Structure formats: structure tokens, C-alpha cells
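# A look at the structure
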Amino acid sequence: MKNAAELSGHLPATGPVAGAAASDLSTRDRVTQLLLEQGATTAAQLGSALGLSPAAIRRHLDAMLADGDVVAREQTVRGSRGRGRPAKVFLLTDAARVRCGTHHYDNIATAALRWIAHNGGSDAVEAFATDQVAALEDRCRAAMEDAGDDPLARAEALAGALTAEGYAANASTIASGGQLCQHHCPVAHVAAEFPQLCEAETAVISRLVGTHVQRLATIAHGDGVCTTHIPTQPRAQSGNTVTTVRTDR
């Protein structure tokens with residue numbers, strides 16, 4: 001006896017076609033995860049990381065562009081560069097980030113902060129933001145217990161702790177010190193209106209690495225990644241740190 005699917009004329013997809021569709025979805029998930037973790041990335045870098053040919057990675061990126069999951073921009077080149085146009089880099093769109101993270105309560109969170117700002121002023125919003133990151137600071141501090149005193153080593157340990165919290169973070173050493181990058185922000189849409197959330201988080205980073213830091217970019221501000229510069233210097237003995245945040249809002 002024929003089943004209901006056969007009687008209705010809608011047979012389940014099987015064989016090579018179904019396998020190819022499932023494979024495409026799996027690859028797109030891998031591309032999405034890589035872009036979430038690394039931020040702006042070229043097609044060549046994505047293909048190399050995923051073991052895909054240039055034609056294959058372009059096919060997936062074209063599909064993601066058409067679906068509104070990624071956007072393409074010219075790669076920023078600092079200093080002198082060779083002839084020709086810069087390579088394009090690909091970034092996740094806000095809609096794609098929402099599907100990767102926890103943004104379900106953005107509207108009510110924004111409304112709540114507006115209420116706090118209206119009734120208590122900016123100081124009340126700042127106090128709320130500081131209170132909200134206190135638990136995160138405690139958890140990260142516990143995870144960094146064996147990181148030592150060197151700010152760069154602590155930044156690396158902090159990146160691991162933040163990744164465990166869902167921030168997809170990594171730390172790297174640069175000529176002027178270190179750099180902490182967070183490729184996902186659970187409160188980006190709310191922080192776009194209330195930068196006190198970013199400032200409170202930056203203060204936490206400063207206290208945890210043990211030196212003053214400078215926020216160079218934020219997802220909430222429209223950048224592809226939250227970037228914090230950590231200068232090389234001894235850990236402050238007094239426990240007091242100075243936090244510098246971006247001022248180009």
C-alpha cells in the first residue's frame with residue numbers, strides 16, 4: 001500500500017540530490033562558524049581553512065550573499081599596498097549573527113534600559129551595566145586563576161574564558177602589545193543604543209588583564225569584530241587601571 005507521501009505526490013528526497021543538499025547546508029554552517037570566529041575573511045582564506053576549491057567556496061558565498069547571510073567589503077589595507085584593487089572580505093550580516101547568538105530578548109532589554117534611562121538617568125544605566133557584567137567578571141577571573149601576571153598571557157587566558165561564554169574570542173601578539181578580539185556579542189543590538197554596556201565590558205577586560213586597555217572597534221558600533229588593544233607593560237600593583245574606550249561615536 002502506498003504511503004501518504006506517495007499518494008500526495010510529494011516523495012521524500014533521497015539519493016545524490018538529497019546528499020548534496022545536506023552537504024551544502026553543512027558547509028554553509030562551517031563557513032558561518034568560521035566567519036563568526038574570525039570576522040572579516042577573504043574567500044581564499046575561507047577556502048583554505050575549509051579545504052574547498054576557489055570555485056566551491058565562491059558558490060557557497062554567492063548563495064549566502066543572495067540569502068542575506070553575508071556581506072562583501074573591500075579589505076582594509078594599512079600602509080602601502082601593491083597594484084590592483086584590495087581583495088574582498090566577507091562578514092556575517094546582523095541577521096546571521098542573530099541566528100548564531102542569543103538575541104531573542106533584545107527588544108525588551110532595550111525597552112527596559114530606556115525606562116531606566118528615563119527614570120534614573122545615565123548614571124542608573126551605567127550602574128545597571130556594571131552590575132550585569134559582574135557575574136561574567138567573576139567567572140572569567142576564576143577561569144584565569146593560573147594565568148600569571150603578564151598582561152598578554154592573561155589576555156590569552158581571558159580569550160579562552162570569553163569563548164566559553166559564547167563570545168568567540170581570541171588573543172594575538174602585535175608590535176605594540178596584544179590584541180583581544182571578540183567575534184560575537186550577545187548584546188550588540190542593545191549596546192548600539194546604550195554604549196555603557198560596552199564600556200562596562202571594557203572595564204572588566206582592563207581589570208582582568210591587569211593593565212589599561214583601549215577599545216578600537218565594537219560590533220555594536222558597526223564593526224565586524226570587537227577589538228581591544230592591550231599595551232605591553234607590567235601589571236599594576238595598586239590594582240587601579242585606566243580604561244580607554246573609542247571616542248569616534
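Quick caveat, the model's predicted, so the values are computed rather than measured.

The rules behind the values
Residues numbered from 1 in each chain as written. Predicted model: local features only at pLDDT ≥ 70, side-chain atom pairs only at ≥ 80, totals over all residues. Heavy atoms only, no water. Axes fitted to C-alpha atoms, helices over the stretch in contact; angles between N-to-C directions. Helix = DSSP H or I, 4+ residues; strand = E, 2+ residues; numbered from the N terminus. Left-handed = near helix turned anticlockwise from the far one by under 90°. Contact = heavy atoms within 4.5 Å. Nonpolar A, V, L, I, M, F, W, Y, C, P; charged D, E, K, R; others polar. Expected span 1.5 Å × (residues − 1). Buried < 20%, exposed > 50% of the residue type's maximum accessible area, 1.4 Å probe, protein only. Arc of directions from axis to C-beta. Core = buried A, V, L, I, M, F, W, Y, C linked by side-chain atoms within 4.5 Å. Pairing = 2+ DSSP bridges. Salt bridge = Lys/Arg side-chain N within 4 Å of Asp/Glu carboxyl O.

### So, the packing of helix 3 (residues 43–50) against helix 4 (residues 54–66)
One way to put it is that helix 3 packs onto helix 4 with a least axis distance of 9 Å and a crossing angle of 115°. Read as a crossing pair, helix 3 and helix 4 show a hand that is right-handed. From helix 3, Ala 43, Leu 46, Gly 47 and Leu 50 reach across to helix 4, where they touch Ile 57, Arg 58 and Leu 61. Here the residues of the contact of helix 3 with helix 4 sort into five nonpolar, one polar and one charged.

### Comments concerning helix 4
The periodicity of an α-helix, 3.6 residues per turn, causes residues three or four positions apart to be oriented the same way. In this model, helix 4 (13 residues) spans 18 Å end to end at C-alpha, consistent with the 18 Å of a helix rising 1.5 Å per residue. Within the sequence span of helix 4, burial applies to Ala 56, Ile 57, His 60, Leu 61 and Met 64. Looking down the long axis of helix 4, one finds its buried residues gathered within 130° of arc, a one-sided arrangement. Exposed positions of helix 4 whose direction lies more than 90 degrees from the buried face are Pro 54, Ala 55 and Ala 66. Of the residues flanking the end of helix 4, it is Gly 68, one or two places downstream, whose phi is positive at about 80°.

### Brief notes about unusual backbone geometry
Positive phi, normally seen in glycine, also occurs at Ala 168, with a value near 45°. Topologically, Ala 168 is positioned in the loop between helix 7 (151–164) and strand 4 (169–174). The buried category is assigned to Ala 168, whose relative accessible area is 12%.

### Considering the nonpolar core
Formed by 30 residues in total, the largest nonpolar core has its most connected members in Leu 113, Cys 140, Leu 158, Leu 162, Leu 180 and Val 209. Counting only elements with at least two residues in this core, the list comes to helix 6 (106–143), helix 7, helix 8 (188–191) and helix 9 (196–209). Residues in contact with Leu 162, not counting those within four places in the same chain, are Leu 136, Cys 140, Tyr 167, Ala 168, Ala 169, Leu 180 and Gln 182. Formed by 15 residues, the second largest nonpolar core is a distinct cluster that contains Val 31, Leu 35, Met 64 and Leu 92.

### What about the pairing of strand 7 (residues 226–231)?
A regular strand places its side chains on the two faces of the sheet in alternate fashion. Most of strand 7 is tucked away, with six of its six residues classed as buried. Judged by which residues are buried, strand 7 turns out to be covered on both faces: Cys 226, Thr 228 and Ile 230 on one side and Thr 227, His 229 and Pro 231 on the other are all buried. As judged from the six bridges shared by strand 5 (residues 177–182) and strand 7, these two strands associate in the antiparallel manner. Its bridge partner being in strand 7, Gly 178 is matched across the sheet by Ile 230.

### Examining the pattern of salt bridges
This model, assessed by the stated rule, comprises eight salt bridges. Between Asp 67 and Arg 28 there is a salt bridge, with its nearest N and O atoms 2.9 Å apart. Of this pair, Asp 67 sits in the loop between helix 4 and strand 2 (70–74) while Arg 28 sits in helix 2 (residues 15–38), and the two are 39 residues apart along the sequence. With relative accessibility at 17%, the residue Arg 28 sits in the buried group. Of the charged contacts in the structure, one is a salt bridge between Glu 201 and Arg 215, with a shortest N-O distance of 2.6 Å. In this pair, Glu 201 sits in helix 9 while Arg 215 sits in strand 6 (residues 213–217), placing the two residues 14 residues apart along the sequence.

### Here's the deal with the environment of Asp 146
Structurally, the position occupied by Asp 146 is in the loop between helix 6 and helix 7. For Asp 146 and Ala 157, which are eleven residues apart along the polypeptide, the C-alpha to C-alpha distance reads 8.8 Å.

### Focus: the sheet that holds strand 2
The strand order 1-3-2 describes an open sheet built from three strands, whose pairing is antiparallel. What marks the edges here is a single partner per strand, and that holds for strand 1 (41–42) and strand 2. Two elements, strand 1 and strand 3 (residues 88–92), share two bridges in a ladder whose sense is antiparallel. In the sheet register, Thr 42 faces strand 3, and the bridge partner there is Val 89. In the packing of helix 4 onto the sheet, contacts are made with strand 2 and strand 3, and the angle to strand 2 comes to roughly 110°.

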